[in-house]
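Breakdown of the fold
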Amino acid sequence: MEDVTEALQLVKHDPFELEFTIRWLTGFIARSSSWTSPSSGLLSDKELDEREALVEKAASLLSSCAGADVEEEALTRKFQFPLGPSSDEEDICVELNDMLAPEDHSSVGLQSWASSIYFARLMCQDPSGFDIVSDKPLRILELGAGTGMLSIAAAKIHSALCGEQVEAEIVATDYHPDVLANLQRNVDTNFPSTAHPTVSIHLLDWQYPPLEMPFDKHFDVILAADVDCVERMLKRPSPACSEGGVFWMIIAIRNTGRHEGLAESVFDVFPVVSAEQETPSEHLSLKSVMVQDMERSGGVGRMDESGYRLFKICWM
């Protein structure tokens with residue numbers, strides 16, 4: 001271990017070796033999905049675990065190297081999701097810029113988390129089921145947008161299925177300045193023209209949500225991965241909309257580490273209830289009306305994530 005530590009320190013102090021190491025590790029990680037999920041055949045559980053462990057070690061080593069006094073490295077990741085079983089449209093393609101900023105733990109939104117990738121795939125498979133398609137003007141909010149996966153996917157789904165006939169306003173929010181800058185870059189990359197629903201970028205502090213535009217009106221749909229602060233911004237039931245808005249959230253299931261049990265804690269905030277169980281009341285609260293668990297697969301996600309839990313949360 002001392003030899004490895006010494007070798008790493010030597011690499012960090014040699015600009016040529018440091019640049020070569022970062023570029024090699026970056027390329028290795030960028031191609032890791034094809035290595036952990038080869039099209040040539042299935043891997044045994046042991047082989048898959050060994051390969052994923054190597055990718056995790058490479059990511060850790062890259063973070064250590066990037067922690068030196070060097071410019072941030074970026075990964076361009078391209079995702080392709082089939083659009084609905086009955087759609088004749090082409091697949092939804094999303095291109096994201098992932099920044100590596102290991103020293104600033106408040107900027108975790110610079111990376112595309114597996115939960116958002118799974119969620120985007122589900123939205124593309126069933127756009128109507130996730131309320132992305134509507135015959136009325138639609139306002140969609142993404143909380144903790146990070147790299148913008150959900151906002152960008154929702155905009156492309158709406159454009160493919162609704163065109164310009166139905167207006168859609170999509171608001172992507174986050175808090176960290178670097179995350180917001182990278183988010184804007186990703187939106188510009190995916191929408192070089194204005195022939196798509198507007199995706200606007202805004203700073204949002206969940207504890208102190210602003211009252212000015214575009215937050216002066218409630219949203220029809222709120223999308224989020226690993227966040228749970230929505231009560232002030234989700235449209236409430238009214239004579240014009242008896243059901244109110246819907247909040248879709250996906251969260252990683254972790255059985256170890258400091259986030260262990262976080263998925264279970266969601267039930268404390270949004271208890272599960274069905275329409276049959278609900279009793280008439282003048283008091284409205286947000287409750288989980290649908291919960292779906294999914295296993296981690298295809299080499300997507302962190303090693304401490306055993307799966308993902310999807311919540312549909314509504315006013316009841």
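In what follows, the accompanying structure is described.

Criteria and cut-off values
- Residues numbered from 1 in each chain as written.
- Predicted model: local features only at pLDDT ≥ 70, side-chain atom pairs only at ≥ 80, totals over all residues.
- Heavy atoms only, no water.
- Pairing = 2+ DSSP bridges.
- Helix = DSSP H or I, 4+ residues; strand = E, 2+ residues; numbered from the N terminus.
- Axes fitted to C-alpha atoms, helices over the stretch in contact; angles between N-to-C directions.
- Contact = heavy atoms within 4.5 Å.
- Buried < 20%, exposed > 50% of the residue type's maximum accessible area, 1.4 Å probe, protein only.
- Salt bridge = Lys/Arg side-chain N within 4 Å of Asp/Glu carboxyl O.

Quick word on the sheet that holds strand 8 (residues 286-295)
With respect to topology, seven strands assemble into an open sheet ordered 5-4-3-6-7-9-8, the strand pairing being mixed. For this open sheet the edge positions go to strand 5 (198-203) and strand 8, each flanked by a neighbour on one side alone. Within this sheet the neighbouring strands show an average axis-to-axis angle of 20°, counted without direction. Sheet topology places strand 3 (residues 138-143) next to strand 6 (residues 221-225); four bridges connect them, and they run parallel. Paired with L141 across the bridge in strand 6 is I222. Each of strand 6, strand 7 (246-254), strand 8 and strand 9 (305-315) touches helix 5 (residues 114-125); the most contacted strand, strand 9, lies at about 55° to it.

As for unusual backbone geometry
In this chain, M213 is followed by P214 through a cis amide linkage whose omega measures 0°. Among the structural elements, P214 can be located in the loop between strand 5 and strand 6. The residue D131 is not glycine, and still its phi comes out positive at about 65°. For D131, a relative accessible area of 26% corresponds to the partly exposed category.

A look at the pattern of salt bridges
It is possible for side chains bearing opposite charge to pair when their charged atoms get close. Overall, the coordinates contain four salt bridges when judged by the stated rule. Two residues, E169 and R139, come together in a salt bridge whose shortest N-O distance is 3.0 Å. Here E169 is found in strand 4 (residues 168-174), whereas its partner R139 is found in strand 3, with 30 residues between them in sequence. According to the relative accessible area criterion, E169 is partly exposed, its value standing at 26%. In this structure, the salt-bridge partner of R309 is E264, at a minimum N-O distance of 2.9 Å. With R309 in strand 9 and E264 in helix 8 (residues 262-269), the pair connects residues that are 45 residues apart, well separated along the chain.

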